[in-house]
Amino acid sequence: MTDLPPPPPADRQQAHVGAPGPAAGPATGPTAGDDHRAALVAIRDEVAKVVVGQEGVVSGLLTALLVRGHVLLEGVPGVAKTLLVKTLAATLDLDTTRVQFTPDLMPGDVTGQLVLDPRAGELVFRQGPVFTNLLLADEINRTPPRTQSALLEAMEERQVTSPDGTRRLPDPFLVVATRNPVEYEGTYPLPEAQLDRFLFELTVGYPTAEQEVEVLARHDAGMDPHDPAGSGVRSVASVADVLAAQQAVRATRVEAAVQRYVVDLARATRQTPAVSLGVSPRGAAMLLHAAKAWAWLAGRPYVTPDEVKAVAHPALRHRLQLRAEAELDGATADGVLDAILASVPVPR
Ligand SMILES: Nc1ncnc2c1ncn2[C@@H]1O[C@H](COP(=O)(O)OP(=O)(O)OP(=O)(O)O)[C@@H](O)[C@H]1O
Ligand SMILES: [Mg+2]
């Protein structure tokens, strides 16, 4: 299982041998949005006050926020999926809501609906929990397809349409959906077409023994996981920081050869015998965006193949549909991606 490693600190950047430098000045020079980067990078230290380890997941969530992507968090119960997102929300000066997806949740419970205002005697739109900056959609596979697709539509279009008109969702808008890999009876797996709308699938694994000891020590010391402020977590980034950072990420350059590398990776997934459905052009574009954000977070003004590789697993693993026979033989999406990353020629 591969996770995002934390990006290297910006002051350890060096020019890559043979990599295209910026048009003027050394690759180590200041890049757009340094103050905003500092604010966003500080989030990792704040989250670490509550969550032990899982740095790769935190970096992945930040990357998604920077490119307006949504995240699927996959992990067994009790590995701090909810805690991660709640703590992240506390470090950002953003509005946040959590929705527990249940079998009886209706689309209108998520997006909002027209209700009768008894005083005015008319129908008024009551906004659903999707009208927020950071939506934690907990256990999304426990709700029926109709409600799942209402959320996914809102994610894609960033708006909600009701009979009386269309309403824009706030900006930033990030959905973090959690999913338990063990599919119990009564769960509704997300269709492949809907999975493709998530920028990342991040896997939240078990902590190491040392990390787990630290989790217990924090509990023993009386840490209340429901009170991030009580653990000293502060809000360190504002909406303005996030929006400015998104702008700076868009300005991060990608050479034609690196763009071609992304395309070659996507095409290789479609030619792999174990794969019945490979990465779509949308998936390839999302990989490119993610690599730009990863480069920006690391203080690089341009994207190298290393950034593409760093985000390839979380950006692509949920977009691969494996053949049943291959799965029986033990093939996994991560394994297929490992092989593709090892065989597709890397531009120099
Ligand atoms: N890495 C960790 N750092 C700190 N606390 C942790 C960690 N892993 C687990 N915990 C503890 O486990 C508790 C359960 O975490 P949480 O509710 O976030 O799990 P979850 O992955 O969302 O589980 P579920 O799938 O059941 O919703 C947390 O409140 C926390 O006390
Ligand atoms: Mg949870």
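Worth saying up front: this structure is predicted, and the values here are computed from it rather than measured.

Re the environment of A331
Phase 1 of the analysis: Take A331: it is sitting in the loop between α12 (324–328) and α13 (333–343).
Phase 2 of the analysis: Classification of A331 by C-beta neighbours within 10 Å gives partly exposed; the count is 19.
Phase 3 of the analysis: For the pair A331 and A274, spaced 57 residues apart in sequence, the C-alpha to C-alpha distance is 7.4 Å.
Phase 4 of the analysis: Those residues in contact with A331 that sit more than four places away from it in its chain are A274, L322, A326 and V336.

Here's the deal with the site of ligand 1
Phase 1 of the analysis: The environment of ligand 1 is made up of 17 residues, and the closest members are P77, K81, T82, L83 and P225.
Phase 2 of the analysis: Residues that form the shell around ligand 1 fall into these classes: nine nonpolar, seven polar and one charged.

A look at the environment of L135
Phase 1 of the analysis: Within the element layout of this structure, L135 appears in strand β5 (residues 134–138).
Phase 2 of the analysis: Excluding its chain neighbours within four sequence positions, the residues that come into contact with L135 are T97, V99, P129, V130 and V175.

A closer look at the sheet that holds strand β1 (residues 71–74)
Phase 1 of the analysis: One open sheet holds the five strands; their spatial order is β2-β5-β8-β1-β9, and the pairing between them is parallel. Each end of this open sheet is capped by a strand with a single partner; those strands are β2 (96–100) and β9 (200–203). Along the sheet, successive strands turn relative to each other by an average axial angle of 20°, direction set aside.
Phase 2 of the analysis: Looking at chain direction, β1 and strand β8 (residues 174–179) are connected through four bridges and run parallel. Bridging across to β8, L72 finds its partner in A177.

A closer look at the pairing of β1
Phase 1 of the analysis: Residues V71 and L73 line one face of β1 and the alternating positions L72 and E74 line the opposite face, and both faces are buried.
Phase 2 of the analysis: Here β1 pairs with β9 via four bridges, running parallel. The partner of E74 across the bridge, within β9, is T203.

Examining the packing of helix α1 (residues 34–48) against helix α3 (residues 81–91)
Phase 1 of the analysis: Two elements in contact, α1 and α3, have axes whose closest approach is 9 Å; the angle formed by their N-to-C orientations is 125°. Regarding the angle of α1 to α3, the classification is oblique. Of the two possible hands of crossing, α1 and α3 adopt the one that is right-handed. Touching I43, E46 and V47 of α1 are T87, L88 and T91, all from α3.
Phase 2 of the analysis: Partitioning the contact of α1 with α3 into residue classes produces three nonpolar, two polar and one charged.

So, the nonpolar core
Phase 1 of the analysis: Of all hydrophobic cores here, the largest spans 91 residues; its most connected members are V71, A137, V176, L287 and A290.
Phase 2 of the analysis: Top element by residues in this core is helix α10 (residues 281–297). It accounts for 11 residues.
Phase 3 of the analysis: Split by domain, this core shows at least three residues from each of two domains, domain 1 (32–251) and domain 2 (253–348).
Phase 4 of the analysis: Those residues in contact with V71, other than ones at most four positions away along the chain, are G60, L61, A64, V176, F198, L199, F200 and L202.

Section: α13
Phase 1 of the analysis: Where α13 is concerned, the buried positions are A333, V336, L337 and I340. The buried residues of α13 all sit within an arc of 95° when viewed along its axis, so they share a single face.
Phase 2 of the analysis: On its buried face, α13 sits against α9 (256–270), β10 (275–277), α11 (305–316) and β11 (321–322).

Overview of the packing of α1 against helix α2 (residues 55–66)
Packed helices, taken two at a time, are described by the angle their axes make and the gap between the axes.
Phase 1 of the analysis: Where α1 contacts α2, the two axes come as close as 10 Å, and the packing angle between them is 145°. Remark: the crossing between α1 and α2 carries right-handed chirality. Contacts between α1 and α2 involve L40, I43, R44 and V47 on the former and, on the latter, E55, V58, S59 and L62.

Thresholds applied
Residues numbered from 1 in each chain as written. Chains lettered and ligands numbered in written order. Predicted model: local features only at pLDDT ≥ 70, side-chain atom pairs only at ≥ 80, totals over all residues. Helix = DSSP H or I, 4+ residues; strand = E, 2+ residues; numbered from the N terminus. Buried ≥ 20, exposed ≤ 12 C-beta atoms within 10 Å, placed from the backbone. Contact = placed C-beta atoms within 7 Å. Near = placed C-beta within 6 Å. Nonpolar A, V, L, I, M, F, W, Y, C, P; charged D, E, K, R; others polar. Pairing = 2+ DSSP bridges. Axes fitted to C-alpha atoms, helices over the stretch in contact; angles between N-to-C directions. Parallel < 35°, antiparallel > 145°, perpendicular 65-115°, else oblique. Left-handed = near helix turned anticlockwise from the far one by under 90°. Core = buried A, V, L, I, M, F, W, Y, C linked by C-beta atoms within 7 Å. Domains from an automatic or database assignment. Arc of directions from axis to C-beta.

None of the figures reported here should be taken as evidence of function without further support.
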